[in-house]
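# Analysis of the macromolecular model
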Amino acid sequence: QVQLVESGGGLVQAGGSLRLSCAASGGTFSRYAMGWFRQAPGKEREFVAGLTWSSGITYYADSVKGRFTISRDNGKNTVYLQMNSLSPEDTAVYYCAVAYHIVVVTTTSYDDWGQGTQVTVSS
């Protein structure tokens, strides 16, 4: 079974940066896409960024375009989320997810999820 482990969250001041990592383990597996989502208290989980693994095409929520960048390291089986110009509205638990089959990358229709990492942005 694939395991996804996120890291890199923490407390940062507004305007600062963080880089989240999501390491996949549990054997070899093919994947269609990997994505980052977030969930703030009292809100639904929302799409942040995603990429299709074979083509490397990236997708972003409008709220993070130009500030966040999703990338991957095939050799390390890891996907990253570089977050710049953070604001308090970015405070949430961030989750990574993997889809083994074709999905709409911007939806929550992924197969496996990590446990999440907290990102808190102070004003």
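Before any of the text, the structure's been laid out above.
Notes on the structure in this doc start here. None of the values given here were measured: they were computed from a predicted structure. (Residues numbered from 1 in each chain as written. Predicted model: local features only at pLDDT ≥ 70, side-chain atom pairs only at ≥ 80, totals over all residues. Heavy atoms only, no water.)

## Considerations on the environment of Arg 72
You can see Arg 72 is positioned in strand E7 (residues 68–73). Separated by 26 residues in the primary sequence, Arg 72 and Glu 46 place their C-alpha atoms 21 Å from one another. Excluding residues within four positions of it along the chain, Arg 72 makes contact with Leu 51, Thr 52, Trp 53, Ser 54, Ser 55, Gly 56, Thr 78, Val 79 and Tyr 80. (Helix = DSSP H or I, 4+ residues; strand = E, 2+ residues; numbered from the N terminus. Contact = heavy atoms within 4.5 Å.)

## Comments concerning the packing of aromatic side chains
Scanning all chains against the criterion turns up 4 aromatic pairs. Look at Phe 37 and Tyr 110: their rings are 5.2 Å apart centre to centre, the planes differ by 80 degrees, and that puts the pair in the edge-to-face class. Linking Phe 37 in strand E4 (residues 33–39) with Tyr 110 in the loop between strand E9 (92–99) and strand E10 (112–113), this pair joins segments that are 73 residues apart in sequence. There is no split in this pair, since Phe 37 and Tyr 110 are both buried. Ring pairs connect the aromatic residues Phe 37, Phe 47, Tyr 110 and Trp 113, which therefore count as one cluster. (Phe/Tyr/Trp six-rings, centres within 6.5 Å; stacked < 30°, edge-to-face > 60°. Buried < 20%, exposed > 50% of the residue type's maximum accessible area, 1.4 Å probe, protein only.)

## Section: the side chain of Thr 117
Mapped onto the fold, Thr 117 is located in strand E11 (residues 117–122). Within the structure, the side chain of Thr 117 is placed 3.3 Å from the backbone nitrogen of Gly 9, a separation counted as a polar contact. Discounting chain neighbours no more than four positions away, the residues touching Thr 117 are Glu 6, Ser 7, Gly 8, Gly 9, Leu 20, Ala 92, Val 93 and Tyr 94. (Polar contact = N/O pair within 3.5 Å; in protein donor to acceptor, adjacent residues only side chain to side chain.)

## Some words on the sheet that holds strand E3 (residues 18–25)
Paired through backbone hydrogen bonds, the strands of a sheet run either parallel or antiparallel to each other. The strand order across the open sheet built from 4 strands is E1-E3-E8-E7, with neighbouring strands paired in antiparallel fashion. Each edge of the open sheet carries a strand with a single partner, namely strand E1 (3–7) and E7. Going from strand to strand, the sheet's axes swing by 15 degrees on average, the running direction of each strand aside. In terms of strand pairing, E1 meets E3 through 5 bridges, oriented antiparallel. Along E3, the bridge assignment pairs Leu 4 with Ala 24. (Pairing = 2+ DSSP bridges. Axes fitted to C-alpha atoms, helices over the stretch in contact; angles between N-to-C directions.)

## Comments concerning the pairing of E7
Bridge count between E7 and strand E8 (residues 78–83): 6 bridges; the pairing is antiparallel. Considered in E8, the bridge of Phe 68 is made with Met 83. Linking E7 back to E8 in an antiparallel pair, the connection comprises 4 residues, with Asn 77 at a positive phi of about 55 degrees.

## Some thoughts on the side chain of Arg 38
Locating Arg 38 in the fold gives a position in strand E4. For Arg 38, the side chain forms a polar contact with the side chain of Glu 46, separated by 2.6 Å. Here Tyr 94 takes part through its side chain, which lies 2.9 Å from a polar atom of the side chain of Arg 38. Apart from the residues lying within four places of it in its own chain, the contact partners of Arg 38 are Glu 44, Arg 45, Glu 46, Val 48, Ser 63, Val 64, Phe 68, Glu 89, Asp 90, Ala 92, Val 93 and Tyr 94.

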